[in-house]
Amino acid sequence: FKFEDSKNAFLNAVELRNVQVVKLLLTFSKKFDNFFKFNLWKSVWDFSVDHEYFDICDELKNADFNFNEIEKNLRDALVLKYHETLDKISKLHDDIKDGNFDGVKTFSDTQKFKMCYGNHQTCVLEQSIECKRFEIYSYLRAKGFYTDRGERLCGKIDKLSNDEKRQIRDENLKYTISDPDA
């Protein structure tokens, strides 16, 4: 396994936001540093910040990734933003559980995150299906929220009764979502 291969694996893992692979590679190699670039101008840290991959940023910080002085200050500020973001996402999940449509709307109107996982790695779309908040589910889909676990979401929808699936279709019509699976 050559260093160049591990560098490519590391960059691919960051780009695909595969936190487990990033963590594993950082554990086994202290050679990863800020000289790893996606291109001439963008470091792994810059890329993660720009894409709001705060979980990747957290792993880089925990691994004592080689930061320059400016990035150390940015890192500290970003860690604070990361925790504030987690609080907002946690509140979004609570709003879904409670059926607080206004809270969900406020989040979707003020945040640009479209794939939000809660404490138990449940995305907001799954959460809305589990809680039978079908209007919220359809609204979030219409606002561009998505999951990288489509099979898991489809499995949850498949377990719903025909009446519940019909409710989802009716809600989807309100937001003009055409979805043959729901």
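The sections below set out a description of the structure shown in this document.

Before going further, it helps to examine the overall build of the protein chain. Regarding its fold elements, the protein chain presents 10 helices and 0 strands. Along the protein chain, helices and strands appear, N-terminal first, in the series α-α-α-α-α-α-α-α-α-α. Restricting the contact set of the protein chain to residue pairs at least 6 apart, pairs at least 24 apart contribute 67%. About 10700 Å² of surface is accessible on the protein chain, with carbon and sulfur atoms providing 49% of the total.

With that settled, consider the packing of helix H2 (residues 19-28) against helix H4 (residues 54-62). Relative to each other, H2 and H4 sit at 10 degrees, their axes nearing to 10 Å. Taken together, H2 and H4 sit at an angle that is classed as roughly parallel. Side by side, H2 and H4 meet where Val19, Val22, Lys23 and Leu26 of the first sit next to Asp55, Ile56, Glu59 and Leu60 of the second. Its residues assigned to classes, the contact of H2 with H4 comprises 5 nonpolar, no polar and 3 charged.

The next subject is H2. Because each turn of an α-helix spans 3.6 residues, side chains separated by three or four positions in sequence point in the same direction. Of the positions making up H2, those classed as buried are Val19, Val22, Leu25 and Leu26. The buried side chains of H2 occupy one side of the element, clustering within an arc of 130 degrees when seen end-on. When the buried face of H2 is taken as reference, the exposed residues oriented beyond 90 degrees from it are Gln20, Thr27 and Phe28.

Another point: the nonpolar core. Residues Ile96, Val104, Leu125, Ile129, Tyr137 and Leu140 are the most contacted members of the largest nonpolar core, which totals 19 residues. Elements with a minimum of two residues in this core: helix H5 (69-98), helix H6 (101-110), helix H7 (124-130), helix H8 (134-142) and helix H9 (150-158). The leading source of residues in this core is H8, at 5 residues. Among all residues touching Ile129, those that are not within four sequence positions of it are Phe134, Tyr137, Leu153, Lys156, Ile157, Leu160 and Ile168. With 17 residues, the next largest nonpolar core counts Phe10, Ala13, Val49 and Ile56 among its residues.

Time to look at unusual backbone geometry. Not every positive phi belongs to a glycine, and Arg17 is a case in point at roughly 55 degrees. In this fold, Arg17 is placed in the loop between helix H1 (3-15) and H2. Residue Arg17 is classed as partly exposed on the basis of its relative accessible area, which comes to 27%. Positive phi outside glycine occurs at Lys132, with the angle close to 60 degrees. Along the chain, Lys132 turns up in the loop between H7 and H8. Residue classification places Lys132 among the partly exposed positions, given a relative accessible area of 42%.

About the thresholds
Residues numbered from 1 in each chain as written. Predicted model: local features only at pLDDT ≥ 70, side-chain atom pairs only at ≥ 80, totals over all residues. Heavy atoms only, no water. Helix = DSSP H or I, 4+ residues; strand = E, 2+ residues; numbered from the N terminus. Contact = heavy atoms within 4.5 Å. Areas by Shrake-Rupley, 256 points an atom, 1.4 Å probe, with all protein chains shown as cover. Axes fitted to C-alpha atoms, helices over the stretch in contact; angles between N-to-C directions. Parallel < 35°, antiparallel > 145°, perpendicular 65-115°, else oblique. Nonpolar A, V, L, I, M, F, W, Y, C, P; charged D, E, K, R; others polar. Buried < 20%, exposed > 50% of the residue type's maximum accessible area, 1.4 Å probe, protein only. Arc of directions from axis to C-beta. Core = buried A, V, L, I, M, F, W, Y, C linked by side-chain atoms within 4.5 Å.

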